[in-house]
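Residues per chain, in single letters:
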Amino acid sequence: MSSQEFQAAYSSIYNTGTRLLQYLREYRDGLHAQGDDAQGLQSIENEINEALDALQNQKYQVAVIAAMKAGKSTFLNSVIGADVLASETAACTICRTDVRHIKSGETPKLLEYREGSRKPVILVEGDAGEIQQKFLLRTREIRETGNPNNTTRFEIEHPIEAISQLSSLTGFTLVDTPGPNEWESTNFNINALKQTALEALRTCNAILFILNYASYKDNAVSDLFKDVVENRKDFIAENTGKIYFILNKIDQKTEKDREIAEVIKDLERELASFGFVNPVIYAASSRQGLLAKLIQQGKATESQIKDFKKFFSARYATEDEEGNQIIPAPKKIAVQALADSGIPTIQETVIQRITQNSGWNLLSEVVAEIDKAGKATEDTLNTQIKGWQMGIESLKEKVEEYRRRSQNARSRVELVKKAVEQEKQILIQGFSQGINEFADNAKDKIASEIDKIAESRSAKSPKPKKTQLIRKVPAPKSDNSIRGLGEIVGHIGEALLGFIPVFGQGLGKVFKLSTSLLDNLSESVPETFNSSVSEHGVNIEKFDPYIIRCKTQTEAQKIIKTINEFCAPHIESWWIDTQDELVRDGTSIREKLAHKIQEDIQKISDELSNYLGDALQVELNINPIQFPSFEFAGIDPAIKHQVEVFTRTETRTEYQTETRSKKSKSLCKGSKTYEVQVPIERTVEVQDRRTFYQVNLQQTVEQVHQKIDSNVSGTLVLLERVIEQQVSADFRSAERQINDYIQRFQNDFDRVLKERKTNEAEAPEILAKLEAQKIKLNEYLTELTSIRQSLDSWKPLRIVK
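Residues numbered from 1 in each chain as written. Predicted model: local features only at pLDDT ≥ 70, side-chain atom pairs only at ≥ 80, totals over all residues. Heavy atoms only, no water.

Participant: Which parts of the structure should I look at to understand the packing of aromatic side chains?
Facilitator: Ring pairs (aromatic) are described by centroid distance and by the angle formed between their planes. Counted according to the given criterion, the structure contains 12 aromatic pairs. Residues Phe245 and Phe276 carry aromatic rings whose centres are separated by 4.9 Å and whose planes lie at 80° to one another, so their mutual orientation is edge-to-face. Within this pair, whereas Phe245 is found in strand 8 (residues 243-248), its partner Phe276 is found in the loop between helix 9 (260-272) and strand 9 (280-283), the two being separated by 31 residues in sequence. Just as Phe245 is buried, Phe276 falls in that class too. Note on Tyr402 and Phe749: the rings are 5.5 Å apart at their centroids and 70° apart in plane angle, and the pair reads as edge-to-face. One end of the pair, Tyr402, is in helix 14 (residues 392-459); the other, Phe749, is in helix 21 (residues 697-759), with 347 residues separating them in the sequence. (Phe/Tyr/Trp six-rings, centres within 6.5 Å; stacked < 30°, edge-to-face > 60°. Helix = DSSP H or I, 4+ residues; strand = E, 2+ residues; numbered from the N terminus. Buried < 20%, exposed > 50% of the residue type's maximum accessible area, 1.4 Å probe, protein only.)

Right, dumping it as structure tokens:
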């Protein structure tokens, strides 16, 4: 499905939905005039409104990830069609930056979001140049000062030229994420930036990796894929269709360099080694594309025109009969230069992929919601017509029988609810297992590093002895730790337990260290760790390898600082990888649970429909229980929302120091969360009156373990709340749909009975009016059927989430 076909389908759906909505309002107004509140029709109207809102406001996010100096900002600017994102030698992307499309003519803005504040700070309003300058200054300021305002992300509101002609993609957003070597080049929390990149991989509709033509094999690129892709090959394989690679800066190729096609073949082999099978690679000259767009639009500055002439115009030169080189004016070659840059092809491909997958899915779901509303209205009309045609006594009997059956249906819905409550506990238990496994592995890894220090010190003592290790290896967990709950679970649980995986199965892969704590201490405090124990005046008989004796307090403080700088970031990085796996597994399980809820409620609804059809001798539509994705928020935004709620509460409310500390720790807000404050013991040797300062490594490990436990406890509370809210919301959605269905027919019956008591003589006129309304409604249902058939003809073979 091309972007033009998508736009046409979008417009058809919106127009049909809007006219059906108007039809319903007029129908309801007529009932209001007769003293009927028409609540059943109101719920149908609400469903159409929600579907049309989703159609207009759906977000389509494209994440752009790159190693530093790959030309990411220039690439983004070329897609935007404006020189709005700054680029300089130093890393510019210090935190996530969303470029959100606005209509041409609206005022562009630069917004800054800060931790603890719901509303952003407006940094500047104006043109691209003003935004770029302010953004650059603010970026430098944050990098130099260490982010004292706790900035979490930026947002730029600016027209995006690539989708300017597609009103169906007004929710289009480019997500600029910092790459691994940008993490290292800032004073920002490195792990927080890593978390941003992983979140983009989970949630964005398309992902573009930007690689520098001149350095696609260097360490920065390897680090990029190592940090972002490692341990996620299954996920990468499942989402291959939304991942693209841009070989940027091909304008730097010289005559002696290999052909671009040959370089792309080599890059394909490199990417395959990281798990990318048959990667989609596009060559691009972002700078050429940006300048060509600006020249086409008449927005290029003198400096930009000079750059275009200097670097690109000569490629389009011709020779006259005398061999003189003729270089055409920039405006005459801008169109061709833009095409040659590769940017239009990339834009078209990515937009087409979005419309074919996320876009098609949205259109399909919106059509299903509107069609459901239209058929519900059709059932109301058919019920009304049949109610006027049958004998009144027979109608009364059927109404009474319907009341009994609907009450039975509601009772069965309650049974489903109880089973869902049990399933929630299984899901929570699964998360608990994964989080506790993180805690056990993190504790074990840190204790192991401390043991290595003790073993090294013991080996350097005059009388080496076997060291009693403090490391405790966690006992292996049974694969049936969750499944044992199946005994207390009802029919839903028994069906669901078969596909709930054991959380944390792959967590062992994430607990890696880039270096050792002993090496770090040997480098930062060489006088203590590179000499023998006897040189520090230790009584060999009382020697404890876990107690480090220092000559000065400064030396002891440096040891504590080094331990914190080593342990805290590693623990947080392990947690981010663990959370990434838990969120992926949890999202999948939740979707399956929602599907099971849907099946059970659908069965109850279908039985009620079948009874009504038989009793009234009329063909009724099924009442599809639907969970459209535009109402199905993922775990990521729910967790983010809960953290924001906690953070705002923490910011606004004054707590005692101890309470505030606990609250902060529960949110895992950075590596400082895991830093410990180990007391340094001051001792004086009586014999020679020498003073020493001691660091107890066992006490250090205990404090680290306490910090981990504290965070695990708080995180469990947070995730339990998210699961509780999401699964409950899924059930409430299904419950609301069947309750609306039950109540709508009850209202229809009550309406007919009431009208027949007072307007029996007008039955022919009323029936004629209902038949006319049905004919009009059928026009909309026919249009929706046609739209559905058209969409099905474009249906992708596989929808990538």
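Participant: Would you mind going over the sheet that holds strand 13 (residues 681-684) with me for this structure?
Facilitator: The strands that make up a sheet are held in pairs by hydrogen bonds between backbone atoms, and each pair lies either parallel or antiparallel. Strand order in the open sheet made by the three strands is 12-14-13, with antiparallel pairing throughout. Bordering the open sheet on either side are strand 12 (547-550) and strand 13, each of which pairs with just one other strand. The mean inter-strand angle of the sheet, taken between neighbouring strand axes irrespective of direction, is 35°. In terms of strand pairing, strand 13 meets strand 14 (residues 691-696) through four bridges, oriented antiparallel. Across the sheet, Val684 pairs through a bridge with Thr691, a residue of strand 14. (Pairing = 2+ DSSP bridges. Axes fitted to C-alpha atoms, helices over the stretch in contact; angles between N-to-C directions.)

Participant: Can you help me understand the pairing of strand 9 in this one?
Facilitator: Regular strands place side chains that alternate from one sheet face to the opposite one. In terms of strand pairing, strand 8 meets strand 9 through four bridges, oriented parallel. Counterpart to Leu247 in the pairing with strand 9 is Ala283. Assessed by its sense of winding, the connection that carries the chain from strand 8 through helix 9 to strand 9 is right-handed. (Right-handed = clockwise from strand over helix to strand, strands pointing away.)

Participant: Just checking my understanding: could you explain the pattern of salt bridges for this structure?
Facilitator: Pairing of side chains with opposite charge becomes possible as their charged atoms draw close. Tallying each qualifying case throughout the model produces 39 salt bridges. Two residues, Glu421 and Lys424, come together in a salt bridge whose shortest N-O distance is 2.9 Å. One end of the pair, Glu421, and the other, Lys424, are both in helix 14, three residues apart, so they sit about a helical turn from each other. By relative accessible area, Glu421 is classed as partly exposed at 33%. (Salt bridge = Lys/Arg side-chain N within 4 Å of Asp/Glu carboxyl O.)

Participant: Sorry, what's going on with the sheet that holds strand 4 (residues 121-125) here?
Facilitator: Here nine strands make up an open sheet; going across it, the order is 4-3-5-2-6-1-7-8-9 and the pairing mixed. Because the sheet does not close on itself, it has two edges, and the strands there are strand 4 and strand 9. Averaged over neighbouring strand pairs, the angle between their axes works out to 20° when direction is ignored. Where strand 1 (residues 60-66) and strand 6 (residues 172-176) come together, five bridges link them in parallel fashion. Bridged to Ala63 within strand 6 is Val175. Packing against the sheet, helix 9 makes contact with strand 7 (206-212), strand 8 and strand 9, and its axis sits at approximately 145° to strand 9. (Contact = heavy atoms within 4.5 Å.)

Participant: Is there a simple way to think about a negative patch on the surface in this case?
Facilitator: Where like charges cluster on the molecular surface, the negative patch consists of Glu319, Asp320, Glu321 and Glu322. Turning to its location among the elements, Asp320 is positioned in the loop between strand 10 (318-319) and strand 11 (325-326). (Patch = residues over 30% accessible without salt bridge, like charges linked within 9 Å, V, L, I, M, F, W, Y side chains within 5 Å. Areas by Shrake-Rupley, 256 points an atom, 1.4 Å probe, with all protein chains shown as cover. Lys, Arg positive; Asp, Glu negative; His and termini not counted. Charge placed at Lys NZ, Arg CZ, Asp CG, Glu CD.)

Participant: Explanation requested: the packing of helix 10 (residues 286-297) against helix 11 (residues 302-311) in the structure shown.
Facilitator: When two helices pack together, their arrangement is given by the angle between their axes and by how far apart the axes lie. Closest axis-to-axis distance for the helix 10/helix 11 pair is 10 Å, and the angle between their directions is 130°. One finds that helix 10 runs oblique with respect to helix 11. Remark: the crossing between helix 10 and helix 11 carries left-handed chirality. The residues of helix 11 that touch helix 10, namely those facing Arg287, Leu291, Ala292, Leu294 and Ile295, are Gln304, Asp307 and Phe308. Classifying every residue of the contact of helix 10 with helix 11 by side-chain character gives five nonpolar, one polar and two charged. (Parallel < 35°, antiparallel > 145°, perpendicular 65-115°, else oblique. Left-handed = near helix turned anticlockwise from the far one by under 90°. Nonpolar A, V, L, I, M, F, W, Y, C, P; charged D, E, K, R; others polar.)

Participant: Got a minute to help me understand the packing of helix 10 against helix 12 (residues 330-341) in this structure?
Facilitator: Here helix 10 crosses helix 12 at 140°, and the two axes come no closer than 8 Å. Taken together, helix 10 and helix 12 sit at an angle that is classed as oblique. Like other packed secondary-structure pairs, helix 10 and helix 12 cross with a definite hand, here left-handed. On helix 12, the residues touching Gln288, Gly289, Ala292, Lys293, Ile295 and Gln296 of helix 10 are Pro330, Lys331, Ala334, Val335, Ala337, Leu338, Asp340 and Ser341.

Participant: Explanation requested: the side chain of Gln304 in the structure shown.
Facilitator: Relative to the elements of secondary structure, Gln304 occurs in helix 11. With a relative accessible area of 9%, Gln304 lands in the buried category. Residues within four places of Gln304 in sequence aside, it is in contact with Asp83, Leu291, Leu294 and Lys299.

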